[in-house]
Amino acid sequence: MRIREPFKLVAVGTIWFWLITFALLPNLLVIIAGFLERGSDEFVTFAFTLDSYRRLLDPLYLGVLLNSLYLAAVTTVLCLLLGFPFAYLLTRLPTRWRPLLLLLVIIPFWTSSLVRTYAMVIILQTNGLLNQLLLELGLIAEPLELLYTGPAVIAGMLYTLLPFMILPLYAALEKLDRRLIEAARDLGAGRVTIFLRIVVPLTLPGIIAGCMLTFLPGLGMFYVADLLGGAKALLVGNLIRDQFLSARDWPFGAATSVMLTVLMGLLLWAYYLSSRRASRGALP
Amino acid sequence: MSEFVIELRNVSKVYGANTVLRNVNLQVQAGEFLTLLGPSGCGKTTILRLLAGFEKADGGEIFISGQDMRTLPPEERHVNTVFQSYALFPHLTVFENVAFGPRLKSIRGDALRERVMDALRMVKLEEFASRKPGQLSGGQQQRVAIARAVVNRPRVLLLDEPLSALDYKLRKAMQLELKQLQRRLGITFIFVTHDQEEALSMSDRVAVMNTGRIEQFGTPRQIYESPENLFVACFVGEINNLSGRVVAATPPRYDIRLHDRVVNLKSKFTFAVGDHVNVLIRPEDLRIWREHEGSDEERATLFPAAVEEVVYKGSTVDLVIRLDSGDLLSTTQFFNEDDRAIMNLDFGVGERLFVDWVHDWETILPHED
């Protein structure tokens, strides 16, 4: 083991260095910045104040938060409604088809989601691909107003976040013992009963994980609403970005960011509690 | 209509290029304990899955209580299955597992409670009602699976190798419990196993299966004592196989030459002079004579042999002996104080002895390769 000692030191050291430099310090700076005053020449002046957090309680910003929560929630529900049947069908396919379809789910990750969102702009704009296709087919007489609408934002979010829902659901459904479904049928259960009483409870950890993985990023995702929604509705993500880049109010931006982090932390904690409860009853 | 609880007529089943059932016919009477016995891959589990409705037959008809099963899905059949893996719902308590079926029949409240607890009491698990399956031992899970099935009062209970995951002692105990349970409930049991001892000790009738066919269907005694073919003879219990040739035929008796001896034996099959036959003798039917026993006259009809192996088994001593003609035979000798011949069973390897058997306890079958 002596030979291994330098390696261990380097490996652990690198991780510590990485976490401290790129996670702990920036977060500390953000937390500190949130308690400072806005400066006229510099970004911040070193004077302690709770002003930034007080401003957060303004109904205007509460509305921004609710807006973000609403959008993230709608996206998550739609992802679940689309992702569950997809993941379920995936597990029912012959084993040789599954890797291919999973690959198709993953391939979009190879392109930056920002680029993909721009691609959606091209598809959705007034003289974009979708409108041209519909005009060509004679289904509509004049181009539809698709871009810069609520549905466009949701479609964009859905497109970006759906894989995060499908993958954990697939993992959970894959593990589901098919014999349990047979047993339920044997005892007289129809499809609905089997789904509600066997499939959903047994894949609940996967469902919750998928919801977390779509809801949390959905809360902070600002560029989709910007590009596809025309920045009409202000979201938490946009608010933070604007405070840092346009308004140059770093303390307020930092405070908003801390609030978002705390909110996400609470949700993750709730997830941890629920998954622990779910695993307690499972077979060893 | 048929008077049978279960009737299979010319049922066949094909998976791709694999024929797993070939024209199977089977009739099961009400209240019968029937065992499907065979090596893995013989199609016994497929029959169970066809009866439960998880598979569709590719040919033939299946009737349960006279009702054609072809279009009936599993959830509408009056049969329940005890799965090999138990398939208990891990997220539900023992009580909820057992209550699953009755709840679907809209049984609620006190009636539900009473029925579920009755079933749990029957398998002696009433104190475990609030546990999750993961907190139970293998034997207890097995019992929950049985309770979960019988609580629905099915006409037929299908059991797919339900004891194969249990250790020897527990398996023995469960065999007895299952048999008693079946008598008490009066439900028809269709039991699938590859364990011939299990099949013989539990069943009213046994269907011995091989490569998608039923080789023999009869009582355990018929199966063991008069196997109809070489597969059944060899699969069920241990048996010695001597090949011989018919030298004189006066049906039903035949003179059969076994190496240098000719024996006169009875068979339900008809043979002609010159036919090759298999003479099958169970190890416990062979009689051992030690060198100093018997008169010369008696010895003329015995087969000389030498001991190859002695296996002490507690209640018996098993000998592997080689006849001078070259055949290997296994014999089982019981400790028996009245038997002057083998009063003490300390045989030595290489010891010379003589062997014969009680004539007419053997089975003679046409020669098969």
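In what follows, the structure referred to is the one given above.
Residues numbered from 1 in each chain as written. Chains lettered and ligands numbered in written order. Predicted model: local features only at pLDDT ≥ 70, side-chain atom pairs only at ≥ 80, totals over all residues. Heavy atoms only, no water.

Enquirer: Before we move on, can you summarise the interface of chain A and chain B with the specific residues and values?
Expert: Across the boundary between the two partners, chain A contributes 18 residues, which contact 27 residues of chain B. Contact with chain B buries area across many residues of chain A, yet Asp186, Leu187 and Arg197 of chain A alone supply 34% of it, more than any other trio. At the boundary of chain A and chain B, one finds 3 salt bridges. Its salt-bridge partner being Arg49 of chain B, residue Glu182 of chain A comes within 2.6 Å of it at the nearest N-O pair. In this structure, the connection of chain A to chain B is made through 5 residue pairs in polar contact (both at pLDDT 80 or more). Looking at the side of chain A that touches chain B, the elements that each hand over two or more residues are helix H8 (178–186) and helix H9 (191–220) of chain A. It is H8 of chain A that provides the largest number of residues to the side of chain A that touches chain B, a total of 7 residues. (Contact = heavy atoms within 4.5 Å. Buried area = accessible area lost by both parts, 1.4 Å probe. Salt bridge = Lys/Arg side-chain N within 4 Å of Asp/Glu carboxyl O. Polar contact = N/O pair within 3.5 Å; in protein donor to acceptor, adjacent residues only side chain to side chain. Helix = DSSP H or I, 4+ residues; strand = E, 2+ residues; numbered from the N terminus.)

Enquirer: Which residues make up the packing of aromatic side chains, and what values go with them?
Expert: Residues and elements named next belong to chain A. Per the stated rule, a full pass over the model turns up 16 aromatic pairs over all chains. Pairwise contacts between aromatic rings join Phe35, Phe48 and Tyr53 into one cluster. The ring of Tyr159 carries the charged tip of Arg116 above its face, separated from the ring centre by 5.5 Å. (Phe/Tyr/Trp six-rings, centres within 6.5 Å; stacked < 30°, edge-to-face > 60°. Lys NZ or Arg CZ within 6 Å of the ring centre and 35° of its normal.)

Enquirer: Give me the lowdown on a nonpolar patch on the surface, citing residues and values where you can.
Expert: On the surface, Trp97, Leu100, Leu103, Leu104, Ile106, Ile107, Phe109 and Trp110 of chain A cluster together into a nonpolar patch covering about 760 Å² of accessible area. Among the structural elements, Leu103 of chain A can be located in helix H4 (residues 98–106). (Patch = residues over 30% accessible without salt bridge, like charges linked within 9 Å, V, L, I, M, F, W, Y side chains within 5 Å. Areas by Shrake-Rupley, 256 points an atom, 1.4 Å probe, with all protein chains shown as cover.)

Enquirer: Any details on helix H7 (residues 150–175) of chain A? Residues and values, ideally.
Expert: For H7 of chain A, spanning 26 residues, the distance from its first C-alpha to its last is 37 Å, which sits close to the expected 38 Å at 1.5 Å a residue. If you look at H7 of chain A, its biggest bend is around 45°, right at Leu161 of chain A, and the proline Pro163 of chain A turns up within four residues after that. (Expected span 1.5 Å × (residues − 1). Bend = angle between axes of the 7 residues up to and from the residue.)

Enquirer: Describe the nonpolar core, naming the residues involved and giving the relevant values.
Expert: Judged by nonpolar contacts, the single largest core of 71 residues is most densely connected at Ile6, Leu8, Leu36, Phe89 and Ile190 of chain B. Discounting chain neighbours no more than four positions away, the residues touching Phe89 of chain B are Leu180, Ala183, Ala184, Leu187 and Ile198 of chain A together with Asn97, Phe100, Pro133 and Arg148 of chain B. (Core = buried A, V, L, I, M, F, W, Y, C linked by side-chain atoms within 4.5 Å. Buried < 20%, exposed > 50% of the residue type's maximum accessible area, 1.4 Å probe, protein only.)

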